[in-house]
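Summary of structural features
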Amino acid sequence: MAETPDDNRKMIQVESLERAFPTPDGKGQTQVFGEVNFTVAEGEFVCLIGHSGCGKTTVLNILAGLDAPTSGHVIVDGKEISGTSLDRAVVFQGHALMPWMTAMSNIAFAVESRWPTWSSAQVREQCQKYIDMVHLTGSEDKKPSQLSGGMKQRVGIARAFSIEPKILLMDEPFSALDALTRGSLQDELVTICNATNQTSFMITHDIDEAILLADRIVLMTNGPEARVCEIVENTLPKGRTRSDMHTHANYYPMRNHLIEFLVNRSKTFAEEISADTFDPKNPPIVRPTAGVSSVAEQPSDSNNSLSTQEKKAS
């Protein structure tokens, strides 16, 4: 049986999260999402998938402390968040580099913020460690205008890792890159996260990216009033790579389950949520495997003890 978040220390606990915005006429509110509940364990990589408009980036911004929920709570490492923190690093869709600074200076700015008493030599050593890790050795003195799109994102990733955050938050960091560059960076991210045991939360539209990177995948229904439909545990073995993951027996069951969700179930979830058995505080846990469509687990009480049932093959 795959390890569940309850087997490890929870680094992120999202509890009954809701975000609503005023309507254009100012007379009411539109709920983007509500009753969002999930956890991320220490060292775990969790991806969130859903269509545009379901509030994925808003969820990430709340985790980063860049936005505040309308209601609900986000607890990070045992404390409710109340703003930004250097314990949570963000890699954005764009590189978000300061154009007048070199690659080294962009990373050094973050390192100096994290450790303001460090000497210049200590700062440079820390920056160089992560520049080397993302294979940008030799580009330290180049400014963003002298770097390709993929190299800029490498600098952004190095900057995020350089402050040694407890949590890495990523908002579709590879979506604007070509397929070859995206694949190369995905491989590097897998290597770095495995080497550092980095707790990570990432938003993506790319199903194969989620299967490659994630230990678990949180599925969001369409907005407005989006909800967490279910949480999919990755049934492919650790150590998978882009070149071999399609050879694993559970690859196509995983991929088909996620595609079915995005194409059909994300739109028809209202029927599922109306069922008496659905509990938004404990979204179903699904493990797609070869031979059956999926195995769903629904926590039966507040202590998250689990009862197992097989879903009928579709």
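Rules behind the numbers
- Residues numbered from 1 in each chain as written.
- Predicted model: local features only at pLDDT ≥ 70, side-chain atom pairs only at ≥ 80, totals over all residues.
- Heavy atoms only, no water.
- Pairing = 2+ DSSP bridges.
- Helix = DSSP H or I, 4+ residues; strand = E, 2+ residues; numbered from the N terminus.
- Contact = heavy atoms within 4.5 Å.
- Axes fitted to C-alpha atoms, helices over the stretch in contact; angles between N-to-C directions.
- Expected span 1.5 Å × (residues − 1).
- Buried < 20%, exposed > 50% of the residue type's maximum accessible area, 1.4 Å probe, protein only.
- Core = buried A, V, L, I, M, F, W, Y, C linked by side-chain atoms within 4.5 Å.
- pLDDT = per-residue confidence, 0-100.
- Salt bridge = Lys/Arg side-chain N within 4 Å of Asp/Glu carboxyl O.
- Parallel < 35°, antiparallel > 145°, perpendicular 65-115°, else oblique.
- Left-handed = near helix turned anticlockwise from the far one by under 90°.

1. Things to note about the sheet that holds strand β2 (residues 29-41)
- Across the sheet, 4 strands lie side by side as β2-β1-β4-β5; this open sheet has antiparallel pairing. Looking along the sheet, the strands with just one partner apiece sit at the ends: β2 and β5 (79-80).
- Sheet strands touched by helix α1 (residues 56-64): β1 (10-22), β2 and β4 (71-76). Its angle to β1, the strand with the most contacts, is close to 120°.

2. Concerning unusual backbone geometry
- That bond from G223 to P224 is cis: its omega, 0°, falls within 30 degrees of zero.
- Note that P224 resides in the loop between β9 (216-220) and β10 (228-233).
- Phi at H135 is positive, roughly 60°, even though this residue is not glycine.
- Secondary-structure assignment places H135 in the loop between α3 (120-133) and α4 (149-162).

3. Brief notes about helix α2 (residues 103-114)
- Taking 1.5 Å of rise per residue, the 12 residues of α2 would be expected to cover 16 Å, and the 17 Å separating its terminal C-alpha atoms lies within 8% of that figure.
- Those residues of α2 lying buried are A103, M104, N106, I107, A108, A110 and V111.
- On its buried side, α2 packs onto α3 and α4.

4. Some details on the nonpolar core
- Counting residues in hydrophobic clusters, the biggest one holds 55 residues, and the most contacted among them are F45, F161, L168, L189, I211 and I217.
- In terms of nonpolar packing, the next biggest core, distinct from the first, is built from 30 residues, V32, V40, V76 and F201 among them.

5. Topic: the confidence of the model for the protein chain
- Put simply, the protein chain has an average pLDDT of 85, and 88% of its residues get 70 or more.
- A low-confidence stretch, residues 1-6 (pLDDT under 50), is modelled with 15 contacts involving residues beyond four sequence positions or located in other chains.
- Counting interchain partners and residues more than four positions distant, the pLDDT-below-50 stretch residues 300-314 has 31 contacts.

6. Things to note about the pattern of salt bridges
- Under the criterion given, the structure shown has 13 salt bridges.
- Where R242 meets D187, a salt bridge forms, and the shortest distance between an N and an O atom there is 2.9 Å. In this pair, R242 is assigned in the loop between β10 and α7 (251-273) and D187 in helix α5 (residues 179-196), connecting sequence segments 55 residues apart.
- Residue D187 is classed as partly exposed on the basis of its relative accessible area, which comes to 29%.
- Ionic contacts of the salt-bridge type, sharing partners, join the residues R9, E42, D77 and K166 into one network.

7. With respect to the environment of P280
- Secondary-structure assignment places P280 in the loop between α7 and β11 (285-286).
- Residues P280 and F38, spaced 242 residues apart in sequence, show a C-alpha to C-alpha distance of 9.7 Å.
- Non-local contacts of P280, meaning those with residues more than four positions away in its chain, are made with E35 and N37.

8. Remarks on the pairing of β9
- When you tally the buried positions in β9, you get 5 out of 5 residues, the bulk of the element.
- On β9, burial covers both faces: R216, V218 and M220 on one face and I217 and L219 on the other are all buried.
- Pairing of strand β3 (residues 45-49) with β9 involves 4 bridges; the strand directions are parallel. Considered in β9, the bridge of L48 is made with V218.
- Summarising the sheet, β9 and β10 pair through 5 bridges and their orientation is antiparallel. By the bridge assignment, M220 is partnered in β10 with V228.

9. Observations regarding the packing of α2 against α3
- Interaxial distance between α2 and α3 falls to 9 Å at its minimum, and their mutual angle equals 120°. Between α2 and α3, the interaxial angle falls into the category oblique. In this structure, α2 crosses over α3, and the sense of that crossing is right-handed. Taking contact as the criterion, the partners of M104, I107, A108, V111 and E112 in α2 are, on α3, V123, R124, Q126, C127, Q128 and I131.

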